[in-house]
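Fold and geometry: a report
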Amino acid sequence: MAFVFRPAVWRGGVLHELPRPVPVLRIQETWDAEKFKVPLVDGDRLVGLSRNGVDIVVQGQVGSQAGALKLTEEAMATAIEALRTALHVSADDDFFWLFVFYDAATSTYRHFRQCSTVKFEWDLSDGHLFTYAATIHAQDPVLHATGPE
């Protein structure tokens with residue numbers, strides 16, 4: 001299988017795979033425009049259409065990470081702490097790339113750039129399987145297809 005779903009954060013030359021499984025990765029795109037309407041004339045006109053940044057909602061469970069099972073509460077907590085660190089942005093030049101797919105045939109990732117975390121939640125109430133949810137904003141709306149740089 002050459003093309004696979006592999007959500008991960010890429011920052012500063014370090015790849016941090018999101019804990020798996022990731023049953024939800026939803027991408028929300030919006031556009032901006034100016035709408036003009038002439039009174040008493042049917043219809044309207046949109047001008048200046050441009051794509052806004054992209055919001056990405058990720059929901060996952062801490063069952064494994066980078067192929068290693070997380071079977072204890074300590075291992076799951078350590079994975080959540082590492083994810084918190086990977087998603088933390090504290091300055092304008094601290095953005096990350098969010099990888100979505102990996103293409104082994106070309107060694108490239110489909111990814112968003114200039115990403116920052118808007119919201120991060122984690123649920124520790126089930127000692128058998130911790131869950132998390134993150135809302136990530138990509139200022140660059142382009143879905144790039146390159147290798148890590």
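The structure this text deals with has already been given above.
Residues numbered from 1 in each chain as written. Predicted model: local features only at pLDDT ≥ 70, side-chain atom pairs only at ≥ 80, totals over all residues. Heavy atoms only, no water.

Another point: the overall build of the chain. Looking only at helices and strands, the chain features one helix and 10 strands. A globule of 149 residues ought to have a C-alpha radius of gyration of about 15 Å, yet the chain, at 19 Å, is considerably larger. Projecting the C-alpha coordinates of the chain onto the three principal axes gives extents of approximately 65 × 40 × 35 Å. When each of the 149 residues of the chain is scored for burial, the buried share is 33%. Considering only intrachain contacts with a sequence separation of at least 6, the fraction spanning at least 24 residues in the chain is 62%. Accessible surface, the chain: about 8,900 Å² in total, of which carbon and sulfur atoms supply 52%. Measuring between centres, the 13 positive side-chain charges of the chain sit 5 Å from its 19 negative side-chain charges. (Helix = DSSP H or I, 4+ residues; strand = E, 2+ residues; numbered from the N terminus. Rg over C-alpha atoms; globule rule 2.2 N^0.38 Å. Buried < 20%, exposed > 50% of the residue type's maximum accessible area, 1.4 Å probe, protein only. Contact = heavy atoms within 4.5 Å. Areas by Shrake-Rupley, 256 points an atom, 1.4 Å probe, with all protein chains shown as cover. Lys, Arg positive; Asp, Glu negative; His and termini not counted. Charge placed at Lys NZ, Arg CZ, Asp CG, Glu CD.)

So, on to the pattern of salt bridges. Pairs can form between side chains of opposite charge once their charged atoms are near each other. Considering all chains together, one arrives at four salt bridges under this definition. The closest approach of N and O atoms between E29 and R51, which form a salt bridge, is 2.9 Å. Taken as a pair, E29 in strand β3 (residues 24–36) and R51 in strand β4 (residues 45–61) lie far apart in primary sequence, 22 residues in all. Note on E29: relative accessible area 35%, which makes it partly exposed. You can call R51 partly exposed: its relative accessible area is 41%. (Salt bridge = Lys/Arg side-chain N within 4 Å of Asp/Glu carboxyl O.)

An α-helical segment advances 3.6 residues per turn. Residues three or four places apart therefore align on the same side. Between its first and last C-alpha, helix α1 (residues 73–87) extends 21 Å over 15 residues, near the 21 Å set by a 1.5 Å rise per residue. Of the residues making up α1, those classed as buried are M76, A79, I80, L83, A86 and L87. One side of α1 holds all its buried residues, which, seen down the axis, span an arc of 125 degrees. Residues of α1 that are exposed and angled more than 90 degrees away from the buried face: E74 and T85. Its buried side turned inward, α1 meets β1 (3–11), β2 (14–17), β5 (64–65), β7 (96–103), β8 (108–123) and β9 (131–138). (Expected span 1.5 Å × (residues − 1). Arc of directions from axis to C-beta.)

We now examine the packing of aromatic side chains. Centre-to-centre distance and the angle between the planes together describe a pair of aromatic rings. Scanning all chains against the criterion turns up eight aromatic pairs. Ring centres of F3 and F101 lie 4.9 Å apart, and the angle between their planes is 25 degrees; on these two criteria the pair is classed as stacked. Of this pair, F3 sits in strand β1 while F101 sits in strand β7, placing them 98 residues apart in sequence. With a relative accessible area of 29%, F101 lands in the partly exposed category. The structure contains a cluster of three or more aromatic residues connected by ring pairs, namely W10, W97, F99, Y102 and Y109. The ring of W97 has R113 lying over it, and the distance from NZ or CZ to the ring centre is 4.1 Å. (Phe/Tyr/Trp six-rings, centres within 6.5 Å; stacked < 30°, edge-to-face > 60°. Lys NZ or Arg CZ within 6 Å of the ring centre and 35° of its normal.)

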